[in-house]
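# Report on the structure
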Number of protein chains: 2
Amino acid sequence: MGGRINTIMQVCFFALAGVLPQDEAIQKIKSAIAKTYGKKGTDIVRKNLDAVDNTLANLHKVDINIQKLTSNSSLPTPNSTFIAAPEFVRDVLGKIMVWEGDNLPVSALPADGTFPTGTAKWEKRNVAAEIPVWDTDVCVQCSKCVILCPHAAIRSKIYHENELTNAPQNFKFTNVRDKDFTGQKFTIQVAPEDCTGCGICVDICPAKNKAEPQRKAINMELQLPLREQEKANWDFFLNLPIPDRTKLKLNQINQQQLQEPLFEFSGACAGCGETPYLKLLTQLFGDRSLIANATGCSSIYGGNLPTTPYTTNIDGRGPAWSNNLFEDNAEFGLGFRLSLDKHAEYATELLRELAKEEEYKNLANSILNTPQNSEADIWEQRERIALLKQTLENTETNPTSPIQNLKSLADYLVKKNVWIVGGDGWAYDIDFGGLDHVLTTGKNINVLVMDTEVYSNTGGQSSKATPKAAIAKFAASGKPSAKKDLGLIAMTYGNIYVASVAMGAKDEHTLKAFLEAEAYDGPSLIIAYSHCIAHGINMTTAMNHQKSLVESGRWLLYRYNPDLVKQGKNPLQIDMKQPKQSVENSMYQENRFKMLTKSQPELAKKLLDEVQNEVNTRWQMYEYLAARQVNP
Amino acid sequence: MGGRINTIMQVCFFALAGVLPQDEAIQKIKSAIAKTYGKKGTDIVRKNLDAVDNTLANLHKVDINIQKLTSNSSLPTPNSTFIAAPEFVRDVLGKIMVWEGDNLPVSALPADGTFPTGTAKWEKRNVAAEIPVWDTDVCVQCSKCVILCPHAAIRSKIYHENELTNAPQNFKFTNVRDKDFTGQKFTIQVAPEDCTGCGICVDICPAKNKAEPQRKAINMELQLPLREQEKANWDFFLNLPIPDRTKLKLNQINQQQLQEPLFEFSGACAGCGETPYLKLLTQLFGDRSLIANATGCSSIYGGNLPTTPYTTNIDGRGPAWSNNLFEDNAEFGLGFRLSLDKHAEYATELLRELAKEEEYKNLANSILNTPQNSEADIWEQRERIALLKQTLENTETNPTSPIQNLKSLADYLVKKNVWIVGGDGWAYDIDFGGLDHVLTTGKNINVLVMDTEVYSNTGGQSSKATPKAAIAKFAASGKPSAKKDLGLIAMTYGNIYVASVAMGAKDEHTLKAFLEAEAYDGPSLIIAYSHCIAHGINMTTAMNHQKSLVESGRWLLYRYNPDLVKQGKNPLQIDMKQPKQSVENSMYQENRFKMLTKSQPELAKKLLDEVQNEVNTRWQMYEYLAARQVNP
């Protein structure tokens, strides 16, 4: 039954309320269970029926003396909880968080709808019964738990030993294994109040404890006894220095994961398959990203009142984010790009003018002509822009001169990137025409499709990304048609970077695709498999299940890089081995497919055969395309 | 200058009006010509400058004695012109045609917007200065002139000699060459008042007159001296019997073109590249088609007031046609299909009920179980339905019985087809998302994209179908990106029939594609190259120019038939030889490309090289895909 209590509470109600004779009520509940869950299989039905019987068996009266309350805890108040928070969090968001939002005057809310970012960290939800605990001795320091945590609640840091002087007594650390950091210390730290307890980190941990084989380098333990201690550890951890981004080897997950996430503690479901991709995006590029977010799960957990999971780094830089409706989010994001480019163009024009003056010549030309291809380049350009702005501020210029505009426009001379993100309902269906149009503009935009293969947020309707044979709303007998091949469609254009990734199956491949997509000077499309509660799966093991998805060929890992053509190479690279696992084995680990074997077994068999055939055909086709000789 | 008179009339006005000194005015006109037409090349400029000089040299006074009018002709009146027409044509449309529409009361117009079809034939426009004249001795009876005529103004018939008894004196005929009709007579007849004089028929005629090599089996001659004689011939021709459709070999153009067009005399431009496709559609399937027409040229000439070119056959059967806006015409057409299917489903249900009665058993089962795969099958099914309706009419049934509904629903038991048609602006751009969605439903619909590679009707804006390097609105420096490969995108689904055709390049291939698309029990997409005045071409030679388009590889001819996979065959068949002609030679026959060589020669060269490279790459890709081994 997991965390589900509806059946239990229903039994309690009817057992006590007396609206029906108890036997009759219970009989009706049992019939309803058989009817409601029948399609989901006998196992689910049995668990619910057992829950009814066990509820009745364990229902007992609890005497409470309301004259003698013994608890010391009280509801949080904005003043106590948000004492260290910014004013707006304390006075406005904090009130909403403690259910006092109705008392806020309209005047307290931002007139233009702009909300500060970085506020999710103030909303300590404490939803996890158990949280992961790190075992320093077993850990191989791969940082898989860090990259795959959907809530950015596990982080790693590398630092000098002398930073530990004031460490809390229980703060854990060990020697770094990575030779690039020899002599330094390494810590994996959990945010105890922000963790949702999904358990993915434990499931995907590759390090086994040799002494106790069922234990790993990270293990779940009750949160409550650990809460205060880990709060202190977390606060200490946050204040440890942040590594120099310009020195990290970004193609190594253990080093890349030292980058600060600028997306944390979202309200997504525990174990969400989408959020690790967004977190990675913000780690890599978040200090210079504009994100256009289509309506869907990601727009809800990305900007739900009262708090915002997008945040800023110590310099105050973080993603600018906005939600837009389903039907034209790609166009909305294209507008970001056009606007950035136009501002940069005007700033360049003004700077060229300024470069004619001897005083500015060197600085201006250096800003105009230095490439911005790496983190280090961008860091240096920011320094130059700061110097330019300071110089302009300190110099008397004619107040009517257009050069005045350069003060506000100079920041546009630092490279920024645009990410257009959303789910499959957005990309495959509702804005597909717009997405296609935007991808064909040739503009330097990056599109991230978090493909849950179903309209997740609106309640599980079938999209064109839904695979054949999966049950969804509007596809009650299993979707009769095959999943649309969005990547192959995008590849027909030839000048679009396309990647199909699944972080749970191969995280280093996902990382590579994000780096290449951003570096490609044109439109990029990343289609990212995102498991979802709508699939009827165990969310704890969902990341590992992505492996079976790829091994059965149901999801392909590939990258299509148009730049390779110039080198005489085939732009399409398949980044996986030939599928060996049967589709049947992989599919029927998901209840969205398994349900059909109960309700319509013959149809299920027919569709399964078709799916296996289509998976084989698709693999052959991709293999054939990837094997093609290409002339430059 | 062709039919253009603007420069000439402008010179006349300024020479006579005296608003400026004549020399100054003429000088300004000449400067304006150089500026306006400079981009179109020196040839166009020179022709206009010559026109100015020749106008001045030939401007002379014409004395008119308005007291002595000598002409006998008068403006037509509805009563005289439409004497044989249906009442609505005579009383309503006819008044609009003779400029008396303002006098019509609102009550005269159809309240629901439904207009009768088959009315274009009453609007005798007489726009051609010259019309084609058939030479019986030279003709090889291929019927290319019939299939390629954009206005259905040339037709062929085969009939028994004894039909000629009352033929007008000048009516032409000869012996049939086709052995299937040995002993019968053959006529090619022109509709003199409906022909637009485009000259395509002469240009594409493959038969040369050996005595006079510049003449062919069809030649242009002045219309006026021929008008009355050919009117009489046309009327006689129309009354000759129509061949038995069920006996024709539809894969032979000469026989297929004996099918009556149910789309005739539209208001499209003379030499239009789109209308021959629509005409063919109506010949093959028009008696059982529902057409959803996206806004664009085809919606304007397809249903412009006062008349409608869609018409009916002698049984009153013809296409049901409606225009829908750009943004959801595919969905609109899908609605036709769903509605047909639902009506047929209910009719089937009722008929199954009826089949339980002994009296109806045989007829009902025969209707329910006989396949409808050929013209003959459909003809027989119509006979059965007529019998059913008659029997139902003659039998007393309970007036509240659902069987009563069968009377109105029975016709849905005859197979009908849905055509969703429009231009590239609709299919590649504005409704691309909807088209994609409709194609993926798996429903039996047929989509015809008449690809002019530009928004023709709205004034020449660039669409995603516009080829690289072509000048169009919003692409004033030549379109920088390549043409979208709509066919390849559709092929990624695997279960969509796709054909890319160009009637002027290979008419028998177009015919084959239409037959296969309609026969395919699923979604079909035909992308049909349609030359257009917006291309800056000579419309008379435009059909032959399509050959150069294909020979240079700028347009591919292929068919992708998913049914072939079941036979273990590759579904993709390329229906042309490897391109041999250079793109340069083909492109620069069109002013849309040539203009750029004048305005930006370096850019033109760069884009030309890119296009040639892309054409080569695309050909290699298609060749590679078509060569692939496919496992069933």
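In this report, the structure presented in the accompanying data block is examined. Just so it is clear, the model here is predicted, and its values are computed rather than measured.

A word on the packing of helix α13 (residues 358-369) of chain B against helix α14 (residues 375-394) of chain B. Residues and elements named next belong to chain B. The interhelical angle for the contact between α13 and α14, taken along N-to-C directions, is 145°, at an axis separation of 10 Å. α14 is crossed by α13, and the crossing has left-handed handedness. Each of Leu363, Ser366 and Ile367 in α13 lies in contact with α14, whose residues at this interface are Gln381, Arg384, Ile385, Leu387 and Leu388. The residue makeup of the contact of α13 with α14, split by class, is 5 nonpolar, 2 polar and 1 charged.

So, about the packing of helix α17 (residues 432-439) of chain A against helix α17 (residues 432-439) of chain B. Relative to each other, α17(A) and α17(B) sit at 125°, their axes nearing to 6 Å. The orientation of α17(A) relative to α17(B) falls into the category oblique. Taken as a pair, α17(A) and α17(B) cross one another with a handedness that is right-handed. Packed against α17(A), whose contacting residues are Phe432(A), Gly433(A) and Asp436(A), the element α17(B) presents Phe432(B), Gly433(B) and Asp436(B) at the interface. Looking at the contact of α17(A) with α17(B), its residues break down into 2 nonpolar, 2 polar and 2 charged.

So, on to the interface of chain A and chain B. At the junction of the two partners, chain A supplies 16 residues and chain B supplies 16 residues. Of the residues assigned to the side of chain A that touches chain B, the class counts are 4 nonpolar, 6 polar and 6 charged.

Here we take up the relation of the copies chain A and chain B. Once chain A has been moved 0.1 Å along the axis and rotated by 180°, it coincides with chain B to within an RMSD of 0.2 Å. Read as a symmetry element, the transformation amounts to a two-fold axis. Taking C-alpha positions as the reference, the residue of chain A nearest the rotation axis is Gly433(A), at 2.0 Å. Taken as a fraction of all interface residues of chain A, those also at the interface in chain B reach 100%, which identifies the copy contact as same-surface.

Before going further, it helps to spend a moment on the environment of Thr348(B). Note that Thr348(B) resides in helix α12 (residues 329-354). Distance from Thr348(B) to Asn170(B), taken between C-alpha atoms, is 54 Å for residues 178 residues apart in sequence.

This paragraph deals with the nonpolar core. Counting 214 residues, the largest nonpolar core has Cys145(A), Leu448(A), Ile526(A), Cys145(B), Leu448(B) and Ile526(B) as its most contacted members. When near neighbours in sequence (up to four residues on either side) are disregarded, Leu448(B) contacts Tyr277(B), Leu281(B), Trp419(B), Val421(B), Ile526(B) and Ala528(B).

All names here are of chain B. For helix α20 (residues 542-551), the full list of buried residues reads Ala542, Met543, His545, Gln546, Leu549 and Val550. Along the long axis of α20, the arc covered by the buried residues comes to 150°, so they all point the same way. Those residues of α20 that are buried lie in contact with α6 (144-148), α7 (200-204), β11 (524-529) and α22 (583-587).

A few words on the sheet that holds strand β2 (residues 154-159) of chain B. All names here are of chain B. Strand order in the open sheet formed by 3 strands is β2-β4-β3, with antiparallel pairing between adjacent strands. Of all the strands in the sheet, just β2 and β3 (174-175) have a single pairing partner and so form its edges. With 2 bridges connecting them, β3 and strand β4 (residues 185-190) associate as antiparallel partners. Paired with Asn175 across the strands is Lys185, a residue of β4. Those strands touched by helix α8 (residues 227-239) are β2 and β4, and its axis lies near 130° from that of β4.

A separate point is the sheet that holds strand β10 (residues 497-501) of chain A. Residues and elements named next belong to chain A. The strand order β7-β6-β8-β9-β11-β10-β12-β13 describes an open sheet built from 8 strands, whose pairing is mixed. Strands at the two margins of the open sheet, each flanked by one partner only, are β7 (320-324) and β13 (572-574). Between one strand axis and the next, the sheet turns through 15° on average, direction left out of account. Along the sheet, helix α10 (residues 275-285) makes contact with β6 (289-294), β8 (417-423), β9 (446-451) and β11 (524-529), crossing β9 at roughly 155°. This element, helix α19 (residues 507-519), spans β8, β9, β10, β11 and β12 (558-560) of the sheet and lies at about 165° to β10.

Criteria and cut-off values
Residues numbered from 1 in each chain as written. Chains lettered and ligands numbered in written order. Predicted model: local features only at pLDDT ≥ 70, side-chain atom pairs only at ≥ 80, totals over all residues. Axes fitted to C-alpha atoms, helices over the stretch in contact; angles between N-to-C directions. Helix = DSSP H or I, 4+ residues; strand = E, 2+ residues; numbered from the N terminus. Left-handed = near helix turned anticlockwise from the far one by under 90°. Contact = placed C-beta atoms within 7 Å. Nonpolar A, V, L, I, M, F, W, Y, C, P; charged D, E, K, R; others polar. Parallel < 35°, antiparallel > 145°, perpendicular 65-115°, else oblique. Least-squares fit on C-alpha atoms with pLDDT ≥ 70 in both. Core = buried A, V, L, I, M, F, W, Y, C linked by C-beta atoms within 7 Å. Buried ≥ 20, exposed ≤ 12 C-beta atoms within 10 Å, placed from the backbone. Arc of directions from axis to C-beta. Pairing = 2+ DSSP bridges.

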